[in-house]
Amino acid sequence: MNTEILGIILMYAAVLLMAIPLGRYMGKVFSNDKTWLDTIFNPLDKLFYKISGIDSSKQMNWKQHLMALLSINFIWFLLTMFILTNMSWLPLNPDSNPSMSGDLAFNTAVSFITNTNLQHYSGETGLSYLGQLILMLWQFISASCGIAIAAVVFFAMKERTTDKLGNFYFLFVRTSTRILFPIALVVALLLVFNGTPMTFEGKDTITNLQGDTVQVSRGPVAAFVAIKQLGTNGGGFFGPNSAHPLENPSYFTNIIETISIFLIPIAMIFALGFVLKRKKLAWTIFGVMTIGFLLLLVPTVINEMNGNPAISKMGIAQPMGSMEGKEVRFGSAASAYWAINTTVTSNGSVNAMHDSLTPLSGMNTLLGMMINCFYGGVGVGFLNFYIFIILAVFISGLMVGRTPEFLGKKIEAKEMKIAMIIALLHPFLILVSTAIASHLYASNPEVYAGWLNNPGYHGFSEMLYEFTSSSANNGSGFEGLGDNTPFWNIACGIVMLLARYLPIIGPVAIAGILANKKFIPESAGTLKTDTATFGLMVFAVIAIVAALSFFPALVLGPIAEYFSIY
């Protein structure tokens, strides 16, 4: 038990030790400061710009940034739809996997373009190698888009008045070549040298210990896994995701993959401090996020290590904790740690089945996605947190009777309206969608019988989890849900689209509007936003606006299930 806890502490410490210098490096990349990779990648960047006809020196305002992001995402969506619906006759399909239906292709294309990577298919049988590779490309692209647009908000937060916020394509390309690609290459090599496949050959025929002949799927797995973790993407090459012995062969690879989930989301916080030259603000934000993370992590680890109370009632000892749905290679503690890591970020990969978590642990994974700003996804995690900063500044200003100001810019009615719409959008999408699904199932259980393998409290949690995962652009699931149906494919696709782009548009609009306002120097009455007091205020706003919005739904699902087993 002590060894398992020590493993968790060492993994988090390793992330923090790497994230601080990585954040400083990322800040230099965003600010176009000289870095040691410039010699290698400057010629490549120039080639991309030349082929695309892009002037990377042209300054854009916030509206132009959003137009660039939305336009290229739409083009990528169309290309992905074509490939997924035509895989059967396209190249790189040694296992002769079929093409996707229209509704499943829509869900999958939206899922990977939006950095959700929700999978209503089983990876090795649902995609050709070409399909896997095109989705792997989008894992780079969607992550780069999120990081680049967050960098735009960083520039907007600087203490000056301007509508010139850099160039989206410049930030996008530099993020891809100088941040994601080099780190993904290192992670992929570590995985290859520790047993993860990297090949374009088809299934391999092996003879197991019982003497049976088995067809084992393989493919370009290591490269896929590296970026799925680093870009908080999460889509698994194989159906069981990182619980699969080829996708995650050992405890060492589990450490590498777990560290990769958190590395860039935490580094983004320190990149903010570098760009704004406000290290204390970065540490304040990091502190709030870490407190929230620990409040979810600690009880989850304890619950899973203590075992399932329903099994304990039967007089069965659980010395390894609750091991249903978990890998013996990793144990209950490391699985619980991964579960919270992957849901407080928008990663969504799994090394254990979340459907088998004890009720309150399942609730904590839901809360991580419902709050959706404790570290969060690469780039967009900070954008979600930025909304709560704006709300906290406004409320604090009202409490002391002053016009709210943030980094020298007055926050007025227009910004607050946008902030409240975005803050309420997430619960609206989740709760309304879950209510519709619950009504359909309750009114026609015979028609929708295939949806739920676990009716009752847990069945409700499965539907709640699916829409929460979609809205949080997470992609994990309570996999007792039969989700490859037209309803779930289309409904989740719509939720993913709205939950990806509106929460990007809102914060960028607020930041752009504030950047264009007159800068007001600090005075004795200026609200300090880099203090522990303000950090607690932000945490309180998150708890009230985000967490409490979902309390009734959680009572109907995991909390009711918890009391039902005692």
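Quick look at the structure, then. (Residues numbered from 1 in each chain as written. Predicted model: local features only at pLDDT ≥ 70, side-chain atom pairs only at ≥ 80, totals over all residues. Heavy atoms only, no water.)

**Re the overall build of the protein chain**
Tallying secondary structure elements over the protein chain gives 19 helices and four strands in all. At 23 Å, the protein chain has a C-alpha radius of gyration in line with the 24 Å of a compact globule built from 566 residues. The principal-axis extents of the C-alpha atoms in the protein chain amount to approximately 75 × 55 × 50 Å. Within the protein chain, contacts between residues at least 6 apart in sequence are counted, and of these 78% link residues at least 24 apart. Accessible area of the protein chain: about 21,800 Å², with a carbon and sulfur share of 68%. Placing the 31 positive and 30 negative side-chain charges of the protein chain at their respective mean positions leaves the two points 18 Å apart. (Helix = DSSP H or I, 4+ residues; strand = E, 2+ residues; numbered from the N terminus. Rg over C-alpha atoms; globule rule 2.2 N^0.38 Å. Contact = heavy atoms within 4.5 Å. Areas by Shrake-Rupley, 256 points an atom, 1.4 Å probe, with all protein chains shown as cover. Lys, Arg positive; Asp, Glu negative; His and termini not counted. Charge placed at Lys NZ, Arg CZ, Asp CG, Glu CD.)

**Points about the nonpolar core**
Counting residues in each nonpolar core, the largest one holds 180 residues, and the members touching the most others are Met-26, Phe-30, Phe-168, Ile-264, Tyr-375, Tyr-386 and Ile-542. Among the elements that line this core, the one with the most residues is helix H6 (residues 129–156), at 20 residues. Setting aside its immediate chain neighbours within four residues, Met-26 contacts Ile-147, Ile-179, Ile-264, Ala-267, Met-268 and Ala-271. (Core = buried A, V, L, I, M, F, W, Y, C linked by side-chain atoms within 4.5 Å. Buried < 20%, exposed > 50% of the residue type's maximum accessible area, 1.4 Å probe, protein only.)

**Here we look at the environment of Ile-513**
Mapping Ile-513 onto the fold places it in helix H17 (residues 486–515). Taking the relative accessible area as the measure of exposure, Ile-513 reaches 15% and is therefore buried. In the structure, Ile-513 is positioned 351 residues away from Thr-162 in sequence and 9.5 Å away in space, judged by C-alpha atoms. Not counting residues up to four positions away in its chain, the partners in contact with Ile-513 are Trp-62, Lys-414, Glu-415 and Ile-418.

**Side note on the environment of Trp-488**
Among the secondary structure elements, Trp-488 is positioned in helix H17. When the C-alpha positions of Trp-488 and Met-463 are compared, they lie 9.7 Å apart, and in sequence the two are 25 residues distant. With near-sequence residues (within four places) excluded, Trp-488 lies in contact with Asn-107, His-120, Ala-437, Trp-451, Met-463, Glu-466, Phe-467, Leu-481, Gly-482, Asp-483 and Gly-493.

**Notes on empty space enclosed by the protein**
A water-sized probe, rolled over the atoms, reveals where empty space remains. The final tally for this structure, using the stated rule, is five cavities of 30 Å³ or more. Of the pockets and cavities examined, the largest cavity occupies roughly 280 Å³. Lining the largest cavity are 23 residues, and of these Asn-372, Asn-384, His-426, Ala-499 and Pro-503 sit closest to its centre. Sorting the residues of the lining of the largest cavity by element identifies helix H13 (359–371), helix H14 (380–400), helix H15 (413–443) and H17 as the ones contributing at least two each. It is H14 that provides the largest number of residues to the lining of the largest cavity, a total of five residues. Within the lining of the largest cavity, the residues separate by chemical class into 14 nonpolar, eight polar and one charged. (1 Å grid on protein atoms, 1.4 Å probe; cavity = no way out; pocket = protein on both sides within 12 Å on 5 of 7 lines; lining within 4 Å. Points joined across faces, edges and corners; volume = space filled by probe spheres on them. Nonpolar A, V, L, I, M, F, W, Y, C, P; charged D, E, K, R; others polar.)

**Looking at the pairing of strand E2 (residues 213–216)**
Pairing analysis gives four bridges linking strand E1 (residues 204–207) to E2, with the strands arranged antiparallel. The residue of E2 that forms the bridge with Thr-207 is Thr-213. Counted along the chain from E1 to the antiparallel partner E2, the turn is five residues long, and its residue Gly-211 has a positive phi close to 90 degrees. (Pairing = 2+ DSSP bridges.)

**With respect to the layout of surface pockets**
Computed from the structure, the largest pocket encloses a volume of approximately 740 Å³. Every residue lining the largest pocket is counted, 24 residues in all, and those nearest its centre are Phe-48, Leu-137, Phe-140, Ile-141 and Ser-176. The element best represented in the lining of the largest pocket is helix H7 (residues 168–192), accounting for nine residues. Across the lining of the largest pocket, the residue classes break down as 21 nonpolar, three polar and no charged.

**Description of a nonpolar patch on the surface**
A surface patch of nonpolar side chains, amounting to about 580 Å² of accessible area, comprises Phe-181, Leu-185, Leu-189, Val-192, Phe-193 and Met-198. Of note, Phe-181 is situated in helix H7. A relative accessible area of 39% means that Phe-181 is categorised as partly exposed. (Patch = residues over 30% accessible without salt bridge, like charges linked within 9 Å, V, L, I, M, F, W, Y side chains within 5 Å. Salt bridge = Lys/Arg side-chain N within 4 Å of Asp/Glu carboxyl O.)

**Examining the packing of aromatic side chains**
Under the defined criterion, the tally for this structure stands at 32 aromatic pairs. On the numbers, 4.3 Å between centres and 20 degrees between planes, the contact of Tyr-465 with Phe-478 is stacked. Here Phe-478 lies in the loop between helix H16 (457–471) and H17 and Tyr-465 lies in helix H16, a separation of 13 residues in the sequence. Comparing Tyr-465 with Phe-478 shows no difference in burial state: the two are buried. (Phe/Tyr/Trp six-rings, centres within 6.5 Å; stacked < 30°, edge-to-face > 60°.)

**Looking at unusual backbone geometry**
With a phi angle near 55 degrees, Ser-96 is a residue other than glycine that sits in the positive phi range. Relative to the assigned elements, Ser-96 resides in the loop between helix H3 (62–84) and helix H4 (102–113). On the basis of relative accessibility, which here comes to 60%, the residue Ser-96 falls in the exposed class. In this model, Asn-115 sits at a positive phi of 65 degrees, which is unusual for a non-glycine residue.

**A closer look at the packing of H6 against H17**
Their axes nearest at 8 Å, the elements H6 and H17 cross at an angle of 20 degrees. Judged on the interaxial angle alone, H17 and H6 are roughly parallel. Note on packing geometry: the crossing formed by H6 with H17 is left-handed. Only Arg-500, Ile-504, Pro-507, Val-508, Ala-511, Gly-512 and Ala-515 of H17 make contact with H6, whose side of the interface consists of Ser-142, Cys-145, Gly-146, Ile-149, Val-153 and Ala-156. Looking at the contact of H6 with H17 residue by residue, the class counts come to nine nonpolar, three polar and one charged. (Axes fitted to C-alpha atoms, helices over the stretch in contact; angles between N-to-C directions. Parallel < 35°, antiparallel > 145°, perpendicular 65-115°, else oblique. Left-handed = near helix turned anticlockwise from the far one by under 90°.)

**Overview of the pattern of salt bridges**
A complete count under the given rule lists eight salt bridges for this structure. Between Lys-326 and Glu-304 there is a salt bridge, and its shortest N-O distance comes to 2.7 Å. Taken together, the positions of Lys-326 in the loop between helix H11 (309–313) and helix H12 (331–344) and Glu-304 in helix H10 (residues 279–306) put the pair 22 residues apart, joining distant regions of the chain. For the pair Lys-326 and Glu-304, a shared accessibility class is recorded, and that class is buried. Residue Glu-412 is joined to Lys-517 by a salt bridge in which the shortest nitrogen-to-oxygen separation is 2.8 Å. A residue pair is termed long-range when its members are at least 10 positions apart, and Glu-412 in the loop between strand E4 (409–410) and H15 and Lys-517 in the loop between H17 and helix H18 (532–547) qualify at 105 residues. Residue class for Glu-412 comes out partly exposed when judged on its relative accessible area of 41%. What makes Lys-517 buried here is its relative accessible area of 15%.

**As for the side chain of Thr-345**
Turning to its location among the elements, Thr-345 is positioned in the loop between H12 and H13. Here the side chain of Thr-345 touches Asn-341 through a polar contact of 2.8 Å, landing on its backbone oxygen. Here Thr-345 is in contact with Thr-232, Ile-261, Phe-262, Pro-265, Phe-374, Tyr-375, Gly-376, Gly-377 and Asn-474, once residues within four sequence places are set aside. (Polar contact = N/O pair within 3.5 Å; in protein donor to acceptor, adjacent residues only side chain to side chain.)

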